[in-house]
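Chain residues, written in single-letter form:
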Amino acid sequence: MNPTPSIMSPPSSTGRFGEFGGRFVPETLVPACQELESAFTEAWADPIFRAELDSILKEYAGRPSILTECHQLGARLGLRLLLKREDLNHTGSHKINNVLGQTLLAKRMGKKRIVAETGAGQHGVASATAAALMGLECKVYMGAVDVERQALNVFRMKLLGAEVEAVHSGSRTLKDAVNEAMRDWVATVESTHYCLGSVMGPHPYPWMVREFHRVIGREAFEQCLERIGDVPDVVVACVGGGSNALGIFSGFVDSRARLIGVEPAGGAAVGRGQPGVVHGMRSYLMQDEYGQVSEAHSVSAGLDYPGVGPEHSYLASIGRAEYPTVTDAEVIEAFQLMARTEGIIPALECAHAVAWIAREAPGMQGQTILMNLSGRGDKDVGQMMGILG
Amino acid sequence: MTPGLDRLETRLRASRAAGRKLLVPYLTGGLPGWTDGVRAAAANGADVIEIGLPFSDPVMDGPVIQEASQRALDAGATPVSILEEARSLDVEVPLVVMCYYNTIHHPGHRRFASMLTSAGICGAIVPDLPLEESGPWCAAADSAGLSTIMLAAPTAPDERLPLVCARARGFVYSVGLLGVTGERTSLAATATALARRLKAVTDVPVIVGVGVSNAEQAVEACQVADGVVQGASVVRRFMADGADGVGDYVAEVRQALDSHR
Ligand SMILES: Cc1ncc(COP(=O)(O)O)c(C=O)c1O
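This is a predicted model, so every value here is computed, not measured. (Residues numbered from 1 in each chain as written. Chains lettered and ligands numbered in written order. Predicted model: local features only at pLDDT ≥ 70, side-chain atom pairs only at ≥ 80, totals over all residues. Heavy atoms only, no water.)

Caption draft 1: View of the domain arrangement of chain A. All names here are of chain A. For chain A, the assigned domains are domain 1 (16-57 + 95-205) and domain 2 (62-93 + 214-388). A C-alpha centroid distance of 22 Å is found between domain 1 and domain 2. At the interface, 39 residues of domain 1 touch 46 residues of domain 2. Together, the buried faces of domain 1 and domain 2 total about 3,300 Å²; carbon and sulfur atoms form 60% of this surface. (Domains from an automatic or database assignment. Contact = heavy atoms within 4.5 Å. Buried area = accessible area lost by both parts, 1.4 Å probe.)

Caption draft 2: Local environment of the site of the ligand. Residues and elements named next belong to chain A. Neighbouring the ligand are 18 residues; S198, G240, G242, S243 and S374 lie closest to it. Residue S198 places a side-chain N or O atom 2.5 Å away from an oxygen atom belonging to the ligand. A distance of 2.7 Å separates an oxygen atom of the ligand from a polar backbone atom of G242. In the complex, 98% of the free accessible area of the ligand, which totals 390 Å², lies under the protein chains. Partitioning the shell around the ligand into residue classes produces 5 nonpolar, 11 polar and 2 charged. (Near = heavy atom within 4 Å. Polar contact = N/O pair within 3.5 Å; in protein donor to acceptor, adjacent residues only side chain to side chain. Areas by Shrake-Rupley, 256 points an atom, 1.4 Å probe, with all protein chains shown as cover. Nonpolar A, V, L, I, M, F, W, Y, C, P; charged D, E, K, R; others polar.)

Caption draft 3: Representation of the sheet that holds strand β9 (residues 227-230) of chain B in the model. Residues and elements named next belong to chain B. Read from one edge to the other, the open sheet built from 9 strands follows the order β5-β4-β3-β2-β1-β9-β8-β7-β6, with strand pairing classed as parallel. Each of the sheet's edge strands pairs with one partner strand only, and the pair in question is β5 (147-149) and β6 (151-152). Examined bridge by bridge, strand β3 (residues 95-98) and strand β4 (residues 123-125) share 3 bridges and lie parallel to one another. What sits directly across from M98, in β4, is I125. (Pairing = 2+ DSSP bridges. Helix = DSSP H or I, 4+ residues; strand = E, 2+ residues; numbered from the N terminus.)

Caption draft 4: Quick peek at the pairing of strand β2 (residues 20-24) of chain A. All names here are of chain A. Burial of β2 is extensive: 5 of the 5 residues sit out of reach of the surface. In the sheet, strand β1 (residues 16-17) pairs with β2 via 2 bridges, with the strands oriented antiparallel. The partner of F17 across the bridge, within β2, is F20. Counting the residues that bridge the hairpin from β1 to β2 gives 2 residues, and of these G18 lies at a positive phi of roughly 60°. Relative to strand β12 (residues 280-285), β2 runs antiparallel, the two sharing 2 bridges. Bridging across to β12, G21 finds its partner in R282. (Buried < 20%, exposed > 50% of the residue type's maximum accessible area, 1.4 Å probe, protein only.)

Caption draft 5: Region of interest: the pattern of salt bridges. Applying the stated criterion across every chain yields a total of 48 salt bridges over all chains. Here R256(A) makes a salt bridge to D230(A), at a shortest N to O gap of 3.1 Å. One end of the pair, R256(A), is in the loop between α10 (243-249) and β10 (258-264); the other, D230(A), is in the loop between α9 (205-228) and β9 (234-238), with 26 residues separating them in the sequence. The exposure class assigned to D230(A) is partly exposed, which follows from its relative accessible area of 34%. As a salt-bridge pair, E183(B) and R236(B) come within 2.7 Å of each other at their nearest N and O atoms. Placement of E183(B) in the loop between β7 (172-175) and α9 (189-201) and of R236(B) in helix α11 (residues 232-259) is noted, with a sequence separation of 53 residues between them. Residues joined by salt bridges that share partners form a network here, namely E9(B), R13(B), R16(B), K199(B), D203(B) and D226(B). (Salt bridge = Lys/Arg side-chain N within 4 Å of Asp/Glu carboxyl O.)

Caption draft 6: How the structure looks around the nonpolar core. W34(B) and W137(B) are the most contacted members of the largest nonpolar core, which has 161 residues in total. When residues of this core are assigned to their parent elements, the largest contribution, 10 residues, is made by α11(B). Structurally, this core is a two-domain feature, drawing no fewer than three residues from each of domain 1 (16-57 + 95-205) and domain 2 (62-93 + 214-388) of chain A. Residues contacting W137(B), with those up to four places away along its chain left out, are I104(B), H109(B), F112(B), A113(B), L116(B), A124(B), V126(B), L129(B), L146(B) and T148(B). The next biggest cluster of nonpolar side chains, apart from the first, holds 36 residues, and it includes L83(A), I344(A), A351(A) and M371(A). (Core = buried A, V, L, I, M, F, W, Y, C linked by side-chain atoms within 4.5 Å.)

Caption draft 7: Focus on the packing of aromatic side chains. By the definition in use, this model includes 12 aromatic pairs over all chains. Here the aromatic rings of F20(A) and Y284(A) are separated by 5.4 Å at their centres, their planes lie at 35°, and the arrangement is tilted. With F20(A) in strand β2 and Y284(A) in strand β12, the pair connects residues that are 264 residues apart, well separated along the chain. Residue classification places F20(A) among the buried residues on the basis of a relative accessible area of 2%. You can call Y284(A) buried: its relative accessible area is 19%. Chaining the aromatic ring pairs together yields one cluster made of F40(A), W44(A), W207(A) and F212(A). Cation over ring: R237(B) sits above Y249(B), and NZ or CZ is 3.8 Å from the ring centre. (Phe/Tyr/Trp six-rings, centres within 6.5 Å; stacked < 30°, edge-to-face > 60°. Lys NZ or Arg CZ within 6 Å of the ring centre and 35° of its normal.)

Caption draft 8: The arrangement of the sheet that holds strand β6 (residues 137-143) of chain A in detail. All names here are of chain A. Strand order in the open sheet formed by 4 strands is β7-β6-β5-β8, with parallel pairing between adjacent strands. The open sheet terminates on both sides in strands that have one partner only, identified here as β7 (163-167) and β8 (192-194). Sheet twist, expressed as the average angle between the axes of neighbouring strands with direction ignored, equals 20°. One ladder, built from 3 bridges, connects strand β5 (residues 113-118) with β8; its direction is parallel. The partner of I114 across the bridge, within β8, is H193. Across the face of the sheet, helix α5 (residues 122-134) comes into contact with β5 and β6 while running at roughly 165° to β5. (Axes fitted to C-alpha atoms, helices over the stretch in contact; angles between N-to-C directions.)

Caption draft 9: Layout of the confidence of the model for chain B. Confidence along chain B averages 97 in pLDDT terms, with 98% of residues attaining 70 or more. We note a pTM of 0.97 for the whole complex and an ipTM of 0.97 for its interfaces. (pLDDT = per-residue confidence, 0-100.)

Caption draft 10: Seen up close, the interface of chain B and chain A. At the interface, 36 residues of chain B touch 38 residues of chain A. Taken over both partners, the interface formed by chain B and chain A buries close to 2,900 Å², and the fraction arising from carbon and sulfur atoms is 55%. The interface formed by chain B and chain A contains 20 residue pairs in polar contact (both at pLDDT 80 or more). Among the secondary structure elements, those contributing two or more residues to the side of chain B that touches chain A are α3 (63-74), α4 (79-87) and α5 (101-105) of chain B. Top contributing element to the side of chain B that touches chain A by residue count: α5(B), with 4 residues. Taken together, the residues that form the side of chain B that touches chain A break down as 21 nonpolar, 9 polar and 6 charged.

Caption draft 11: Quick look at the packing of helix α2 (residues 34-43) of chain B against α11(B). Residues and elements named next belong to chain B. The interhelical angle for the contact between α2 and α11, taken along N-to-C directions, is 15°, at an axis separation of 7 Å. On the basis of their axis angle, the class for α2 and α11 is roughly parallel. Remark: the crossing between α2 and α11 carries left-handed chirality. Along the contact surface, α2 presents W34, D36, G37, A40 and A41, while α11 presents F238, A243, V246, G247 and V250. Tallied by class, the residues present in the contact of α2 with α11 amount to 7 nonpolar, 2 polar and 1 charged. (Parallel < 35°, antiparallel > 145°, perpendicular 65-115°, else oblique. Left-handed = near helix turned anticlockwise from the far one by under 90°.)

Caption draft 12: Up close: the pairing of β5(A). Residues and elements named next belong to chain A. Within β5, 6 of the 6 residues are buried, which leaves it mostly tucked inside the rest of the structure. Burial of β5 is two-sided: the residues R113, V115 and E117 facing one way and the residues I114, A116 and T118 facing the other way are all buried. Bridge count for β5 against β6 is 6 bridges, and the pairing is parallel. Bridge assignment links R113 to a residue of β6, and that residue is E137.

Put into structure tokens, the structure is as follows:
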């Protein structure tokens, strides 16, 4: 008897998850996407590549990340709360998992330079870090609004030897940084790898980035079995493009656990969008009646994005995962709540997950909740000083 | 229309056979006064005019066309309002649109195709719709009698070019360089190199666009290609000098192309 295939299988040959995904890029980039697809397929099947990546993840990024139980906050909310501590990885977020995978692959492909987009700056910092480690040239595009609200990360990237370019077009946030990175790649594709920071973009990125983040779910699954002897009732993560969420979901997608991806109210692609095509993929997208992409508005630079990775659209369409929203005000509360009750300052992105748990706790009494703490909040302290006065 | 015979292509082949190099000015629709710009281009020697439908996220466009798109959107332009104005254009020259795929995807392929035909548009260029993803749109365009102008890029391996050309209607848009639209000080070597590779595999008219920035570069590209698109150079002049700027410039390129026959 054949085992039932996982809900999280590789996409179709055209990069589809159900009716989402694909490769909607200018002709210029098609050969590069094809080359990347075959290079990744080959590397991912190569035990030597896998061993090399595992060893960098361990010796350099500090994996495995630990699982922390929040006793105080859990008791207060009437549930059991476990945190997957991606904030403790080198560079302070889950982003490093994907970046180490992609830069190792870029070197294998003979690329000399990477470009990246960044919102909160965590993917930019991770890219600058990996580029320094592996001797690659690195340029990071960042919306001008984000350059301002994430100034600390801008300085970190420069310290690490990366060039940071502020993007002044459109909403001057993550969406526009992706546009500019793609424009760079169209011009430099022969020497440059585009190190995309989430489970989005043209095939093979949504699949490849998910695979590089599977390590989160694999570890968390084992750690849950060891700690609670079972899978959790609910798995929660914030969703910008959706990489940290798919990473942790991957460990539980075929289990009975509820999967929750929390979007900001001002950037709710699944919640408020319709299927559309931008940045190389067909997915839920916030857009107007003519298909112009809407500007997202979120206190969190990393989630300030009107689209979402195509596999999330698929998981939503089949009802396997839910995508609720929280408001900026709820997030600002939750940010402080976690700091005061647990001594952990979460990134504003994953404070969205905290906010959802705090709000929905009355309906989850006695349940076990696993939350992906995707990053640490140091980068947000300056912005919060302004907000809290 | 006779099946298998593309109206736009038939017309362009006839001009080519008469020894004329094809000139395709581009103008962003929805800029205040843009229809006068189209009329000026038509009156001064354009063979096809490309009307840009502004999009919020134009990834194939450089600063000039980005700015024009933003200005048009800020002025309240929509695909519907632009096509409405296009319908009232009384020019003889065939009109095609340049639009990003979401502009088509959002209303739906068949509905968008009928929006174009009822505005008197005869074709579409969709820069973020590569060959592999083009099936549903091409089917709708074919049955509406619209020409889908496919783009061919310098990065394409040899075996890809005939596939792109086989799907192209009207003409093949030969992308002149690695990069986005915008003026450059000289014509990239890739421009003539790709046009030459395309000419070797197709009889469909080959027109070079992206980075053909003035009359001199147009002449250079046309030593190999059947024609050129003039994008940022036209849009910049329109934003600075209005329709007269477009008319003068198109006349200048026309004359340069004609005198090098
Ligand atoms: C800490 C952290 N979490 C989450 C995100 C959002 O990305 P994704 O949805 O791909 O996990 C970011 C992005 O900047 C981030 O820095």
